Amino acid sequence: MRVRTLALVSLLLLPAAHAAAEPLPGDSLRATPRDTLTTRLRRPAGVAVDAFGRITVADEEVHALQRFGADGTWLDGVGALGSEPAQFRRPGGIAVLGSLGLAVLDRDNRRVVAYDQHLRLIGVIADLAGDALSATLGRVDPVAITADAGGAVRVADGDRDRVLQFDFAGGLVSEVGGFGGRAGAFDGLAALAAAPGGGWVTLERAIRPRRARRGEPAPGPVAPRARLQWLDAEGRARSTAWVTWALADEREAALAVDAQGRVAVANGASGEVRLLSADGRPLAAIAGLRQPSALAFGGDGALWVAETGAGRVRSFTFGPRSAGD
Amino acid sequence: MRIAPAMRPTLLLVLVLARPGPARADDPSGRTTSILVQRSSQVVYRLGRTFLFAGSDSVWSSSRPWVRGQDYALDPLRGDLRLLRTVTPGETLWVAAAGLVAPPALEYARQRYRPADAPVDSAARPGGAPTPRPVTQREPTVAPAGSQLAVTGNKTIAVEFGSQQDAALRQSLDLSVSGAVAPGLTLNGVLTDRDTPLSAQGASQDLQSIDRVLVELRSERLSAAFGDVPVTLGRGEFARLERRVQGVRAAWRDPGSAFEVAAASAQGEYHRITLRGTEGLQGPYLLTDRDGALGVTVVAGSEQVTLDGERLTRGEAADYAIDYERARLTFSNRRPITAASRITIEYQYAVTRFKRALAAASGELRRGAWTLGVAALREADDRGRPLDLVFDATDRASLELAGDSLALGAGVTPGVGDYDTLRVAPDTLVFAFAGIDSGAFAVRFARVGPGLGDYADSAFVDGRATFRWVGPGRGAYRVGRALPRPEAHDLVALTASAGRGALRLDLEGALSRRDLNTFSSRDDADAVGGAGRLALSLEGRAPGVPGTAGVTLSARQVERRFQSLSRLSAAFAEEDWGLPAGSDLDHTRRGDVAGFWRPDARRELRGDVARLDSPEGYTGWRRRLQWSDTGPLASRLSWVDADGALSDTVTGLGRERVSGEVRWTLARVIPVLRGDWDRLRTPSASGRAEARGEEAAFELQSGASVPWRLGAGVLWRRDATVTAASRTASRAFAWRSAIESPAGGPWGATVLLQRRITRDETAGSRRGTDLATLRLRAEPPRTGLTGSYDAEVTGEAENRRARTLVFVGNGLGSYDAFGNFVGTGGAYDLVLTVSPEFERLTRVASSARAAWRFGSSEAWRGSRVEFVKDDESRRRGALRVADGMLSTGAALDDPDFARASVTQRLEADLAPGSRSHALRARLERRVQADRSFEGFAQTTDVRSGTLRWRARPTPAWSIEGEGRAQWQQAEQAATSAGRFARTITEQGAQLVAAWQPGSALRAAWTVDAGWARPDGATVSTRTLRLGPDVGFSLGARGRSELALRRAFLTGPAAVSLLPSADPAGAPRWEGSVRTDVRMHTTTVIGISASVRERPGRAAVVQGRAEVRAFF
C-alpha cells in the first residue's frame, strides 16, 4: 500500500516536475559578469560601444576619452582639461553618432562635440553656451545626450526639463517637453536614451504622488518613484513606467536601450541596475555596483556599466535562468 | 474515501493518462505549441511541422505577444519561422500553430516500375538516378544554414531654405550590417555618408563630406577588411611597410603559410622627421611635408612617435596629443621635453599632388626547416588625376623636359594681385609685396631649396605667406609655380631562411625602382637599385657555459639607388657613429659580429662589433656592450665606443657613451639610480665638434605593497658643445614628484609636479619650466559633501600675431576702429598678420568644484548648493602659483596674460520636489581677457544673478517665475584707436504658465519684461515679450509645435555690449512651427519654419523639410 501510494504520488508529481523545468511566461533573466576594463580609468562617467565592439569611455576626472578594443585592450585616448577644441571639462555622456562616429557631452563647457572612429575631432554639434543658441533657448544645463542611427542628437536640459533635438548637421530642430507632470512633460529630467526606430526613452528623478481628491481618503506613504517615458520619433509620449527608486539628481541616473527595446536603468546611489522589457516589466537586476553612472548596450546584447566609484567599466550578459537559480 | 483494490490500477492508469501534458503535446485539432530558445546569428527556425493552416499561428515571448509580419514571418508550407526582429540570444519563444495531423511529403519523385526479377543497376541504365550535387542538395528558397545578416540604419534627406540662403540639400546615410554569411564566416560592416558644416570652433563653415566605409570579414584563417584600414608588412628588412589606406586588405594564415594582399588608395605620403626638443616646450611641434612646408594635414592614425627611442601612445592622459588638421603635436606632462630629448615622428600627410595608389602582396611558405618569403610593393601617383590643379600643354612639356629635377610653370599673372615690380638695379626688376590685393601682379613662388632662389619667406598676412627679394642665390624661393611630379615606386624582395639545429641562415635580397617623374624618361637610368643582407647565426647551449649563448655574423649592402618604402635605419642611429643628425645611414655597406649570453631567464649580456662605410665617405668601427638584469635588483648597463673618419682631413669622429640604471624592487619602496656619460664627436664647419653630456638621476618609487603610487626624483645634467672656435655649456637641475591614489573610493589625489631649471653658463641666463597635473577629490560618505580640484600646467608656444586696421573710408569697410565686425557700416578693413616666430607661454587650466547635497523628504530630496570655478590662462613668462586659482582681478589687469578667463558660479537648488515652492538661485561671474594680438587688448566682465520659482499646483498646471539681474562691462584698447569701454545694466522677470491636460496637448503662455540701460544713459530700454507655446498631437501619427512671441519696445534703441553687425534687442515678431508626421512604421516626415522680424529690416525666414527612414 505504501509503495503504491508512493508510486501514485510520484506519478502525479512527475508532470509538475517536468513543467517546472521549462521556462514559463514572465520568467526573468540572469545577469552574468563578463569583462572588466580598468586601464587608465579614474572616474568613468560615460560609455559607448560601436559596431565593431570597441568601447569608448569618458573619464570625468582625467577630462579625456579612452578607447578600448573589443578584446578589452586599451587603444588610445584624447582630451585634456580646458575649453579649447579637443579639450573637455568633465565629459559625461557618450553616444554612438550614426554608424561610426561618437557624440560626447562636454558638460561644464556646455557643448556637444563629435568625433570619428579614430577619435579625431569632427566638430562641435551644439555650443549650448554660445551666443546663437543662448539667444534662442536661454540657458541650457545639459545632463544627458543620446544619438540615433541617423546622427541626430538629443540633449536633456536639466535646467528647463526639456529635450533639445539637433539634426545630423548640428541644426536645432525642436524642443520637446517642458516642466510638468503629465506624460510628455518632465520633472527632474535625469537621463535619456535612444530607442529603436527613432524613438527615445527618458528618466525623471522624482515624481510626486498625487494628492487625494475631495472625498477620497488621503493616500498613505508612497515609496519614492522615478518615471520612465517612451516617446516616439515625433516627440509624443507613448507609454510610461515607474521604478521604485529615489534618484536625487542626474549624477545618479543612467539609461540605455538595446535593439530589442529592452531598457537598462541605473541608480548610482543604490548601486543597482535593472533591466526592463520594452513595456516596462522587470527582467533582471544587478546589485552591488559602485556608483553606476553610465550604461551602453553592445551589438552582442551585453550591457556595459561605467562604475564611477570603482574606476572601472564592466560588462554583463543576460541569459535565461536555469532551474537551480 | 476508500478505493476498491481492483479499481486502483485503473485509477492509476487514468491519472497517468489525464495528467496535464507538456507544452509540446498534440491535441486532436492538430494545434501544437513549440518552444524555441533564440540563438545568436540564427533567424530561421524549423518548427518540425509542415502544412500549417494560414492564420492559425501565434508567437509570444515572456514579455509580450509577437506580431505577425512585424516581428516574425511564418512559411506555413515548410513550417519555417523567420525572425524579423534582432535576435535576443537566450530569450524563449512559444510558437503555436495548427496544421494537418498527417501532412504529406513536400516532394514527390516519379518512380519507374521494374519487375521484381529485373536487375537493379541504376548505373547501367540510361538516365540513371541523378548524383546529388551541392546546389540541389538544399532548399533554394531557404537561406543556407548558418547565414543570417541583420541590417539596420537610417536615411535622412533634408532641404533647408530661407530668405537669406539658397535652398540646400543635406543628406545622410548610415548603414550597419552584421552577422554570418556562412558557417564560421562573420561579417561586420558600417557605412556613413553625410554632408555636415561642423567645425572645431562650432561655427558653420563649408560643407565637409564625411564618407566612411568599413567592412570586416573574419573566419578562423581568413581576415579581410574594406575601407579605412591599416596595411602592415613586416617581413624582412627591406620591404617593411606601414600605411593607413582606403581600400581592401585580405590575409590568409594557416600553420604552413601566410599570404596577404592589399590594394588601396593611399591617403597620404610617408615622411619621417627627427628633431631635438626645445627646453621646457611641450608643444606644439609642427609637422611638415618632405620639402619642409607647413600647412599639411596628417592622416589620422598614421603617426608613430618615439621619444628617446621609446614608442609613445596617443592621448593627453598618455603621452601626446595630435591635431591632425593642423599637423601639430603636443606632448603631455607625463613626457617632459628638454633640449636633450630626441623626437622622431613618422606619419603620412594628406596627398596634395596626385591621387596615389598602393598595391602590396606578400607570401610566406614554411616547410620544415626552410622558410621562403616574397613581397611585392608598388606605390604610385596617378598622373592623369592631379589634385587641385589642371596641367596645360606647357606644363606637360616642362615636366617632360625636367626629368627628376624641379619643374616650374608660369608664376606671374598680370592683374589684381599682392605684388608690384621694383627696380633694384639698372637691369634688375624684382617683385615686392604691395599689400593684399593692392598690387598689379599675382605672383606665385616655388621653394627651390636654400641658396638656389632669389626670394625668402617673410610673414603671414591675412593668412597668406608673403615673400621678399633677398638677392641671387640668397633665398630658398623662385618666382614660378612648382609643378608636382608624379612618382612611382616599385619594390620586390625575396627572403629565405633555414635552420638546422643551432645554426641558422637568413638571406634577403631586394630590388627597387623609383621614378621621380613618370612624365619624363630622362634620369630614369639611375632609378633601379638593389640591396642584400646575409646573416649566419649559431645559438644554443655551449659546453661549460651556463644558460644559452649565440653569435651572429651579418653583412648588409644597400646601393645608393635603392629606395625602400620606409626608413631602414633607426632614428638618431647616426649619432652612434659620430655622424651629424640627418646623415644617410640607409645606403651603407656594413658588417657586424654580434653575440649574446643569457645565463638565465633574467640576465643577458650582448655585444657587437660593426664596421660601416657610408655613401658620404665615412668609414668607422663601433663596439657595443649591453647588460640587463630584470631581477629584484635590476640593472641595465650600456657601453658604446665608435671611431671613424669622413675623409683624410676630417678624422677623430665617433662616440663614447656609458649609461646605466639600477633599480632595487622592494616591497614598499623602489629606489632607482641612473647615470649617463656621453661624448659625441661630429664634423662641423670648423672641422670637428664635440658634444658632452653628463647626467645623474635618483628616484624613489612606492612598491607594489603600497596602495598609493608615490614617487620623487631629482636629476642633474650638464651639456657642453666644444668646437675649435667656440664653447657653449649649460646645466640643468630638475625635481619631480608624483602621488596617485587608487581609483575609486571617497578620496582621491593625483599630483604630478616637475620643475626644471636650466642655466646657460655661456650667456649667464636662467630659465625655469614647470609641468604639473593636480587632481584632488573628496566625497566623504553620508555627508552629501563633494569637492574636487583639477589643474594642468604645461609649456606651450603660439605664433606671434598682430592686428592692423586700414582706413578705407566711411561705409566702405566692415570693421570699426577697434576691429569689431560691424557689417556694411564700417570704415576699416582688418588684416591679421601671423609671424613665423613663436612666443613661449605657460598654460594653466583649472577647475574647482564644491557641492553639498541634502534633503531626504519627498520635497527636499535633490536639494543642493554648489560652487564652481573654471579658469584658463596663458602667461608670457614663468608660472606663478596664483595662476592655479586665478582671481578675476588678475585676469583683467595682469598684462602678462596673453589670454585669461575665469568663470565663478554659485548655484542653489532648494526643494526641487516641492509642489509649490521649488527654488533655484544662481550667481555667476565670467571674466575674459585677450591680449594675444600685439597692440590690442580686450576684456569683458559679466555678472549675473537669477532666482527661479516653480510650482505644480495640479497635475495639469505648472507655473515658473524667474527674476534676473545682469551687469556687464567690456573694454577695448588699441594702439591705433585709443580706448573703448561700455557698461550695461539689465534687470528683468519672466513668468510662464503651462497647461497640459494630457499627452496630446500642451499650451503655455510666457510673459517677459526687461529693462536695460548703458552706463551714462538716463532712460532704460524697456522690452515686454509675450506669446504662446502650443504642442499637440495630430491624430495617431503626428505632432505639431507652435511658438510665437511679440515684443514691445519703448525707450532708446537697445545696444549690445560690443559693436556688432547683429542688431541688439529682441525682434518685434518671432515665431516657429514644426510638424512631424509618421508616414510609415519607420518613416517620419518633418517640416519646420521660423521667422524673425525687426522694424526697418526684412523678415528673416528659415525653414527645413526632412524625411527620416529607419530600417
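Residues numbered from 1 in each chain as written. Chains lettered and ligands numbered in written order. Predicted model: local features only at pLDDT ≥ 70, side-chain atom pairs only at ≥ 80, totals over all residues.

1. A look at the overall build of chain B
Secondary structure summary: chain B contains four helices and 64 strands in total. Across its three principal axes, chain B shows a C-alpha extent of roughly 125 × 105 × 75 Å. Relative to all contacts within chain B whose residues are 6 or more apart in sequence, the contacts with residues 24 or more apart total 58%. (Helix = DSSP H or I, 4+ residues; strand = E, 2+ residues; numbered from the N terminus. Contact = placed C-beta atoms within 7 Å.)

2. Concerning the overall build of chain A
What chain A contains, in helices and strands, is two helices and 24 strands. Going through the 325 residues of chain A one by one, you find that 62% of them count as buried. Long-range contacts, defined as pairs at least 24 residues apart, comprise 45% of the intrachain contacts of chain A with a sequence gap of at least 6. (Buried ≥ 20, exposed ≤ 12 C-beta atoms within 10 Å, placed from the backbone.)

3. Observations concerning the sheet that holds strand 14 (residues 268-276) of chain B
Pairing within the open sheet is antiparallel, and its four strands lie in the order 14-20-16-17 (chain B). If you trace the sheet from one side to the other, it starts and ends with strand 14 and strand 17 (310-311) of chain B, each paired once. (Pairing = 2+ DSSP bridges.)

4. A look at the sheet that holds strand 15 (residues 285-286) of chain B
Residue and element names in this part refer to chain B. Across the sheet, which stays open at both edges, the three strands sit in the order 15-19-18 with antiparallel pairing between neighbours. At either margin of the open sheet sits one strand with a lone partner, and together these are strand 15 and strand 18 (320-323). Sheet topology note: the strand 15/strand 19 (residues 328-331) ladder contains two bridges and is antiparallel. Paired with Leu 286 across the two strands is Arg 328, which belongs to strand 19.

5. A closer look at the nonpolar core
Core analysis: the largest hydrophobic core is formed by 135 residues, its most contacted members being Ala 103, Leu 255 and Leu 295 of chain A. When near neighbours in sequence (up to four residues on either side) are disregarded, Leu 295 of chain A contacts Ala 254, Leu 255, Ala 256, Ala 264, Ala 266, Val 273, Leu 303, Trp 304 and Val 305 of chain A. Counting residues in each nonpolar core, the second largest holds 23 residues, with Val 229, Ala 262, Tyr 270 and Ala 375 of chain B among its members. (Core = buried A, V, L, I, M, F, W, Y, C linked by C-beta atoms within 7 Å.)

6. Some points on unusual backbone geometry
A cis amide bond, omega 0 degrees, links Gly 283 of chain B with the succeeding residue Pro 284 of chain B. Tracing the backbone shows Pro 284 of chain B in the loop between strand 14 and strand 15. One non-glycine residue, Asp 161 of chain A, adopts positive backbone phi at about 50 degrees. Here Asp 161 of chain A lies in the loop between strand 11 (153-157) and strand 12 (162-166).

7. With respect to the pairing of strand 39 (residues 619-629) of chain B
All names here are of chain B. Examined bridge by bridge, strand 38 (residues 603-613) and strand 39 share eleven bridges and lie antiparallel to one another. Bridging from a neighbouring strand, Arg 606 pairs with Gln 626 of strand 39. Between strand 38 and strand 39, which pair antiparallel in sequence order, lie five residues; one of them, Gly 617, sits at a positive phi of approximately 100 degrees. In terms of strand pairing, strand 39 meets strand 40 (residues 633-645) through eleven bridges, oriented antiparallel.

8. What about the pairing of strand 40 of chain B?
Residues and elements named next belong to chain B. Linking strand 39 to strand 40, which pair antiparallel, is a turn of three residues. Here twelve bridges tie strand 40 to strand 41 (residues 653-664), and the two strands are oriented antiparallel to one another. Within strand 41, the position partnered with Ala 642 by the bridge is Arg 655.

9. Some thoughts on the interface of chain A and chain B
At the interface, 96 residues of chain A touch 96 residues of chain B. The set of elements that each furnish at least two residues to the side of chain A that touches chain B consists of helix 1 (2-20), strand 5 (74-78), strand 9 (121-127), strand 13 (172-177) and strand 24 (312-320) of chain A. In terms of residues, the side of chain A that touches chain B owes the most to one element, helix 1 of chain A, which gives seven residues. Classifying every residue of the side of chain A that touches chain B gives 41 nonpolar, 32 polar and 23 charged. (Nonpolar A, V, L, I, M, F, W, Y, C, P; charged D, E, K, R; others polar.)

10. What to know about the environment of Glu 508 of chain B
Residues and elements named next belong to chain B. Within the element layout of this structure, Glu 508 appears in strand 34 (residues 503-515). Overall, Glu 508 belongs to the buried group, with 21 C-beta atoms counted inside 10 Å. Along the backbone, Glu 508 and Leu 281 are 227 residues apart, and their C-alpha atoms lie at a distance of 43 Å. When sequence neighbours within four positions are dropped, the list of residues in contact with Glu 508 reads Gly 236, Glu 237, Phe 238, Ala 493, Thr 495, Gly 532 and Arg 533.

11. Quick look at the confidence of the model for chain A
In this model, chain A carries an average pLDDT of 83, and 83% of its residues clear a pLDDT of 70 or more. A low-confidence stretch, residues 1-27 of chain A stays under pLDDT 50, and its non-local contacts, those more than four residues away or across chains, total 21 contacts. (pLDDT = per-residue confidence, 0-100.)

12. Structural notes on the environment of Leu 637 of chain B
All names here are of chain B. Positionally, Leu 637 belongs in strand 40. The exposure class of Leu 637 is partly exposed, given the 16 C-beta atoms found within 10 Å. Considering only alpha carbons, one finds Leu 637 and Leu 605, 32 residues apart in sequence, at a separation of 9.4 Å. For Leu 637, the residues in contact, after removing those within four places along its chain, are Trp 627 and Gly 660.

13. Quick look at the environment of Arg 522 of chain B
Relative to the helices and strands, Arg 522 of chain B resides in the loop between strand 34 and strand 35 (528-540). It is 62 Å that separates the C-alpha atoms of Arg 522 of chain B and Gln 972 of chain B, two residues lying 450 residues apart in sequence.

14. Side note on helix 3 (residues 393-402) of chain B
All names here are of chain B. Listed in full, the buried residues belonging to helix 3 are Asp 395, Ser 398 and Leu 399. Looking down the long axis of helix 3, one finds its buried residues gathered within 95 degrees of arc, a one-sided arrangement. The exposed set on the far side of helix 3, more than 90 degrees from its buried face, consists of Ala 393, Thr 394 and Leu 401. Where helix 3 is buried, its residues contact strand 23 (407-409) and strand 32 (481-483). Gly 403 sits one or two residues past helix 3 and shows a positive phi near 65 degrees. (Arc of directions from axis to C-beta.)

15. Here we look at the confidence of the model for chain B
Low pLDDT means the predicted coordinates in that region are not meant to be read closely. All names here are of chain B. With 92% of its residues at a pLDDT of 70 or more, chain B has an overall mean of 86. Taken as a whole, residues 120-128 scores under 50 in pLDDT and shows four contacts with residues more than four places along the chain or in a different chain. Scored below 50 in pLDDT, residues 202-209 shows eleven contacts in the model against residues more than four places distant or in partner chains. For this predicted complex, the interface score ipTM comes out at 0.86, alongside a pTM of 0.79.

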